[in-house]
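Residues per chain, in single letters:
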Amino acid sequence: MLFPKQVEIIDVSPRDGLQNEPVQVTTEEKKKLILRLQKMGVKRIEATSFVHPKVVPQMADAIEIIQFCHEIEMNFIVLTPNLIALEKAIDFKVPQIAVFVGASETFNMRNIKRTIDESLSECTKIFQKAKENAIFIRAYVSMSFNCPFEGNICFEKVCYVVDHFVANGADEVVIGDTNGQANPRIVYDRFKALKERHPYVVFVAHFHDTNGFAFANIIAALQAGIDKFDSSLAGLGGCPFSPGATGNVSTNGVVQLLEDMNIQTGIEIGAMKDATILTKKMINKLEGRG
Ligand code: MG
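Residues numbered from 1 in each chain as written. Predicted model: local features only at pLDDT ≥ 70, side-chain atom pairs only at ≥ 80, totals over all residues. Heavy atoms only, no water.

Student: Go over the nonpolar core, please, and point to the residues and values.
Tutor: Counting 84 residues, the largest nonpolar core has Phe-165, Ile-175, Phe-191, Phe-207 and Phe-229 as its most contacted members. Excluding anything up to four places from it in sequence, Phe-229 contacts Val-7, Glu-8, Ile-9, Ile-10, Val-204, Ala-205, Phe-207, Ile-218, Ala-221 and Leu-222. Judged by nonpolar contacts, the second largest core, of 8 residues, contains Ile-10, Ala-98, Val-174 and Val-204. (Core = buried A, V, L, I, M, F, W, Y, C linked by side-chain atoms within 4.5 Å. Buried < 20%, exposed > 50% of the residue type's maximum accessible area, 1.4 Å probe, protein only. Contact = heavy atoms within 4.5 Å.)

Right, dumping it as structure tokens:
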């Protein structure tokens, strides 16, 4: 098997993780979490989101979190689902933005109340403006393997969204197994085909551990040449619009696995264990996760 010497772990705990937990975490606790991530060696995090606090109350402190990341010089990503959110990102000097479009029409309608084409056309405008302001663009394809409403998602549907992102200049494309139904075979095939289709595009794998396959999927993605992975401490997260989806693959699990295989993550195991304990306490889930 072929393995890279090192990989990048993008920790999504503060946004994708906490947003999808039922527990309300205070701004101070979030800052503590971000500091821990920095201390353990994470170089890039998904920090927060500019979505309406009525929709996602957990992200109402977005501006404070952004200012904090600037203060401690942490590189970060902010979810900006529309042009209004992007304007705010520009105002607050956000270095990296993220957008989401589902490869499943039904998921897209339920999640963001837009068709795939409507979402992509909004993305075109967002990308253009982000580029004018030299902001890094991370583009997620949600439900890239399976959808809770439509079942298996064919590769052509994934390519439809990926091709649009690439044509409009996304800096990296994240392939999300949002409901955690992928298996190593499809993961390998899909990433290999995507890399052949777009040899110069940076792809990131975003797995959820619903069926306990996330670590096997990571090995399969590594074999297809992927060396960037999203994860969250203690497996925080889920998906409110995706019934039954469990959390993201856990940062602690991924790092331990990769480091045991002599693949460098740049993350310090001791500090990571402390951060994991803090996270579990934060969400009152001392057992059964991550
Ligand atoms: Mg996720």
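Now that the structure is up, let's keep going.
Student: Residue-level account of the pattern of salt bridges, with values.
Tutor: Under the counting rule described, the total for this entry stands at 14 salt bridges. Among the salt bridges present, the one from Arg-44 reaches Glu-8, with a minimum N-O distance of 3.0 Å. Note that Arg-44 is positioned in strand E2 (residues 44-49) and Glu-8 in strand E1 (residues 8-11), a separation of 36 residues in sequence. Its salt-bridge partner being Glu-8, residue Lys-228 comes within 2.9 Å of it at the nearest N-O pair. With a gap of 220 residues between them, Lys-228 in strand E10 (residues 228-231) and Glu-8 in strand E1 connect regions that are remote in the sequence. Each member of the salt-bridge network shares a partner with another, and the members are Glu-8, Arg-44, Arg-138, Glu-172, Lys-228 and Asp-230. (Salt bridge = Lys/Arg side-chain N within 4 Å of Asp/Glu carboxyl O. Helix = DSSP H or I, 4+ residues; strand = E, 2+ residues; numbered from the N terminus.)

Student: Quick one: what's the story with unusual backbone geometry, residue by residue and with numbers?
Tutor: The general pattern is negative phi for most residues beyond glycine and trans for most peptide bonds. Even without glycine at this site, Ala-134 takes up a positive phi of about 55 degrees. A relative accessible area of 69% means that Ala-134 is categorised as exposed.

Student: Could you give an account of the layout of surface pockets, with specific residues and numbers?
Tutor: In this structure, the largest pocket encloses a volume near 910 Å³. Taken together, 47 residues line the largest pocket, and the ones lying closest to its centre are Gln-19, Ser-49, Val-51, Leu-79 and Pro-81. Looking at the lining of the largest pocket, the elements that each hand over two or more residues are helix H1 (13-19), helix H3 (62-71), helix H4 (83-91), strand E4 (96-102), helix H5 (105-112), helix H6 (116-132) and strand E5 (136-142). Among the elements that line the lining of the largest pocket, the one with the most residues is H6, at 4 residues. A per-class count over the lining of the largest pocket returns 26 nonpolar, 14 polar and 7 charged. (1 Å grid on protein atoms, 1.4 Å probe; cavity = no way out; pocket = protein on both sides within 12 Å on 5 of 7 lines; lining within 4 Å. Points joined across faces, edges and corners; volume = space filled by probe spheres on them. Nonpolar A, V, L, I, M, F, W, Y, C, P; charged D, E, K, R; others polar.)

Student: An account of the coordination of the magnesium ion is needed here, citing residue identities and associated values.
Tutor: Taken together, the protein donors to the magnesium ion comprise Asp-16 (OD), His-206 (NE2), His-208 (NE2) and Asn-248 (OD1), at separations of 2.1 to 2.3 Å. Of note, the magnesium ion draws all its donor residues from one chain, in the sequence arrangement D-x189-H-x1-H-x39-N. Since its relative accessible area comes to 6%, His-206 is described here as buried. (Donors = N, O, S within 2.8 Å, 3.2 Å for Na, K, Ca; no water.)

Student: Any details on a positive patch on the surface? Residues and values, ideally.
Tutor: On the surface, Lys-32, Arg-36, Lys-39 and Lys-281 cluster together into a positively charged patch. Among the elements that take part in the positive patch, helix H2 (residues 27-40) stands out by supplying 3 residues, more than any other. Looking at the secondary structure, you find Arg-36 in helix H2. (Patch = residues over 30% accessible without salt bridge, like charges linked within 9 Å, V, L, I, M, F, W, Y side chains within 5 Å. Areas by Shrake-Rupley, 256 points an atom, 1.4 Å probe, with all protein chains shown as cover. Lys, Arg positive; Asp, Glu negative; His and termini not counted. Charge placed at Lys NZ, Arg CZ, Asp CG, Glu CD.)

Student: An account of the packing of aromatic side chains is needed here, citing residue identities and associated values.
Tutor: The full count for this structure, using the stated rule, is 2 aromatic pairs. Seen from their ring centres, Phe-100 and Tyr-140 are 4.1 Å apart, and the 5 degrees between their planes marks the pair as stacked. Separated by 40 residues along the polypeptide, Phe-100 in strand E4 and Tyr-140 in strand E5 bring together distant segments of the chain. We note Arg-110 situated over the ring of Phe-149; from NZ or CZ to the ring centre the distance is 4.2 Å. (Phe/Tyr/Trp six-rings, centres within 6.5 Å; stacked < 30°, edge-to-face > 60°. Lys NZ or Arg CZ within 6 Å of the ring centre and 35° of its normal.)

Student: Describe helix H9 (residues 214-223), and please don't skip the residues or the numbers.
Tutor: Of all 10 residues in H9, 7 are buried, a share of seventy percent or more. Residues Ala-214, Asn-217, Ile-218, Ile-219, Ala-220, Ala-221 and Leu-222 constitute the buried set of H9. Structurally, H9 contributes buried residues whose contacts are with strand E8 (172-177), helix H8 (184-197), strand E9 (203-207), E10 and helix H10 (251-260). A positive phi of about 95 degrees marks Gly-225, the residue just after H9.

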